[in-house]
Amino acid sequence: MKNKRAPLITGLIAIIFAFACIQSFAAFYGDANRDEKVNSSDARKILRIAAKLDAISENDPVFDICDIDRNGKINSTDARKVLRMAAKLEDLIEIPGDTPTTDEPTSAVTTTAELTTAESTTAAPITAEPTTAVTTTAEPITAEPTTAVTTTAEPTTGESTTVEPTTAEPTTAVTTTAEPTTAESSTAAPTTAEPTTAEPTTAEPTTAEPTTAEPTTAEPTTAEPTTAPAEQPFTDYKVTPAEWANVEWEKYENVYFTLTIPKGWQVEWQGNAQQLYWRVTNPDGDIGLSNLDHRYAAKDIRYMQMGGSDMYLAEGTVREFFETVYSNSTEYFTVKNSTVPDNKEQLQAIRPYTPIRDYQSMYAVFKENGREGEGIYSAVVMESRDVWAGGMNYGMWEINCIFTEWTPLGALVNWQPVLSTVAQSFQYTDYYIQEWRSVLGTNASPEGQTNIGDSVLEAFEERSTADTILQEKRSDMIGEYERVVDNESGDIYRAYNGFLDDIGSEQTRYTPITDDQYAEGFVGWIDKP
């Protein structure tokens, strides 16, 4: 009997060896360890790569194998995919054209030995599909047929009751891979009867599926930390440019002058080359500027009472003039600071016949019609005439270049650049200049009368910075704002309270402003969407 089996066994081994030599082994996406199987160890390796615990180059061949979703990066999605494949929840994805060679038969023999001895522990991921089991078991037999017989004989030590272990074990090798060859050996009836007892060993691992426990423990421990929402920049806010930082300009012109004004603002004017008045305001009228060529005030109150003037100035100063003008129209008008502009000599050259007594620009706060405001007020006081008769002075003060600009309280620091642009854009037309020279009989130019840009700016800069800072802080507190600076652009914004807490201390783009920066104004708001 043994003599008859020997040629048969030898023939079967030869057929298996030939079949394995021409058979290529399959490679699968997710096989990070390159051991021709996909299990939880591959998932753990990919998770470590995704979590930046292990480094891998994009040029490394393993990178393409681990990038299962083919998006150019290895992340937790790839790791979860491998876990599901290892747990048999998804089919393996074979890499086309990847045919690992059988250059190392000894390692393949070791793999086979593990499968035959461990049965349901390490072999489960592979034996879930019989076709893959055929491939993996064919490898060790082609490497060393004799060694395969020797290694598979080890399990017979556990089955010591069998008298002929050598005949039982080769048949298990035949049943795992060489089922197709049984058709060629139809005469070997005894051998086909014995392998049937070995078939349950390949069927058992498919039902046990012990590897399903591995994904449940691996997934929550390392998969989730790869997605770090806390590291994402906070973007749940919107930036709205302020009106003064987003002005659309348009040109205004009439027969006497031209101006550049914000779109939607109104211009009022009256007079002629002897006396011209103009005024520019926003639609609400609470922001604007105006200019008046000149005005007169009586030096003696009795002369005003006689109808010689509509205004009386005892001291004849710029401050007295403006306090008198606004005494009837405002609840209060308080001058906070004053300065003497530097173009006094230019005005003296324009009106050489009249000495300039006082020239000032002032910063003041006021309350009008229930609304608080602030502004810059400038003028020139000139000694027009001094006439005495019967003990009464019939003389007059002449107040020239009367310029004002105003905004709601706390807004001047923001609107000042816009108002300054409007003031400096003022230009007389050629028609006005011709009439002015004709009236006065001079070749001088009237343009110097409106050289107010520098003087206004000086008065604005001379205002009390400390008062402005306190005023701006008070305004922020009432409105529940906090002020921040955009370190990329240098712009200052008024943000909702808690904005800096929301974006976190890790970012460096937005930071709190210093006290001095409260005097610079802001260019927009940062609000919640």
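This text goes with the structure placed above it.
Trainee: Requested: an account of the packing of aromatic side chains, with residues and values cited.
Mentor: Tallied over the full model, the rule gives 25 aromatic pairs. The interplanar angle of 45° and the centroid separation of 5.8 Å between the aromatic rings of W265 and W415 together place this pair among those described as tilted. Taken together, the positions of W265 in the loop between β3 (257-262) and β4 (266-271) and W415 in helix α16 (residues 412-424) put the pair 150 residues apart, joining distant regions of the chain. Summarising the burial analysis for this pair, W265 and W415 share the class buried. The ring of W397 carries K299 above its face, with NZ or CZ at 4.6 Å from the centroid.

Trainee: Describe the environment of G524, listing the residues and the values that go with them.
Mentor: Here G524 lies in strand β17 (residues 524-527). A relative accessible area of 0% means that G524 is categorised as buried.

Trainee: With reference to specific residues and values, describe the sheet that holds strand β14 (residues 481-486).
Mentor: Reading across the sheet, the 5 strands line up as β1-β17-β15-β14-β16 and stay open at both edges, with mixed pairing between neighbours. Strands at the two margins of the open sheet, each flanked by one partner only, are β1 (238-241) and β16 (510-512). Across the sheet, the mean angle from the axis of one strand to that of its neighbour is 35°, orientation sign disregarded. In this sheet, β17 lies alongside β1 in antiparallel orientation, the contact comprising 4 bridges. Counterpart to P241 in the pairing with β17 is G524.

Trainee: Break down unusual backbone geometry for me, citing the residues and quoting the values.
Mentor: Positive phi is not limited to glycine here, since R70 has a value of about 55°. Inspection of the secondary structure assignment puts R70 in the loop between α3 (61-66) and α4 (76-86). A positive phi is found at N369, a non-glycine position, where the angle reads about 55°. Counting through the fold element by element, N369 comes out in the loop between β8 (356-368) and β9 (371-385).

Trainee: Tell me about the packing of helix α2 (residues 40-50) against α4, and name the residues and values.
Mentor: α4 packs onto α2 with a crossing angle of 175° between their chain directions and a minimal axis gap of 8 Å. Considering the angle they form, α2 stands roughly antiparallel to α4. The segment α2 lies against α4, with S40, D42, A43, I46, L47 and A50 engaging S76, D78, A79, V82, L83 and A86. For the contact of α2 with α4, the per-class residue count stands at 8 nonpolar, 2 polar and 2 charged.

Trainee: Which residues make up the pairing of strand β5 (residues 276-281), and what are the values?
Mentor: Two elements, β4 and β5, share 6 bridges in a ladder whose sense is antiparallel. For Q266, the partnering residue across the bridge sits in β5 and is T281. Here β4 folds back onto β5 in antiparallel fashion, the turn holding 4 residues. The pairing of β5 with strand β6 (residues 288-298) spans 5 bridges and is classified as antiparallel.

Trainee: Go over the sheet that holds β8 with me, naming the residues and quoting the values.
Mentor: On the basis of which strands lie adjacent, the open sheet formed by 7 strands has the order β4-β5-β6-β12-β9-β8-β7 and antiparallel pairing. Each edge of the sheet is formed by a strand with only one pairing partner; in this case those strands are β4 and β7 (332-339). For this sheet, the mean angle separating the axes of adjacent strands, direction not counted, is 25°. In this sheet, strand β12 (residues 396-408) lies alongside β6 in antiparallel orientation, the contact comprising 10 bridges.

Basis of the calculations
Residues numbered from 1 in each chain as written. Predicted model: local features only at pLDDT ≥ 70, side-chain atom pairs only at ≥ 80, totals over all residues. Heavy atoms only, no water. Phe/Tyr/Trp six-rings, centres within 6.5 Å; stacked < 30°, edge-to-face > 60°. Helix = DSSP H or I, 4+ residues; strand = E, 2+ residues; numbered from the N terminus. Buried < 20%, exposed > 50% of the residue type's maximum accessible area, 1.4 Å probe, protein only. Lys NZ or Arg CZ within 6 Å of the ring centre and 35° of its normal. Pairing = 2+ DSSP bridges. Axes fitted to C-alpha atoms, helices over the stretch in contact; angles between N-to-C directions. Parallel < 35°, antiparallel > 145°, perpendicular 65-115°, else oblique. Contact = heavy atoms within 4.5 Å. Nonpolar A, V, L, I, M, F, W, Y, C, P; charged D, E, K, R; others polar.

Note that all results are geometric; they support no functional claim without further evidence.
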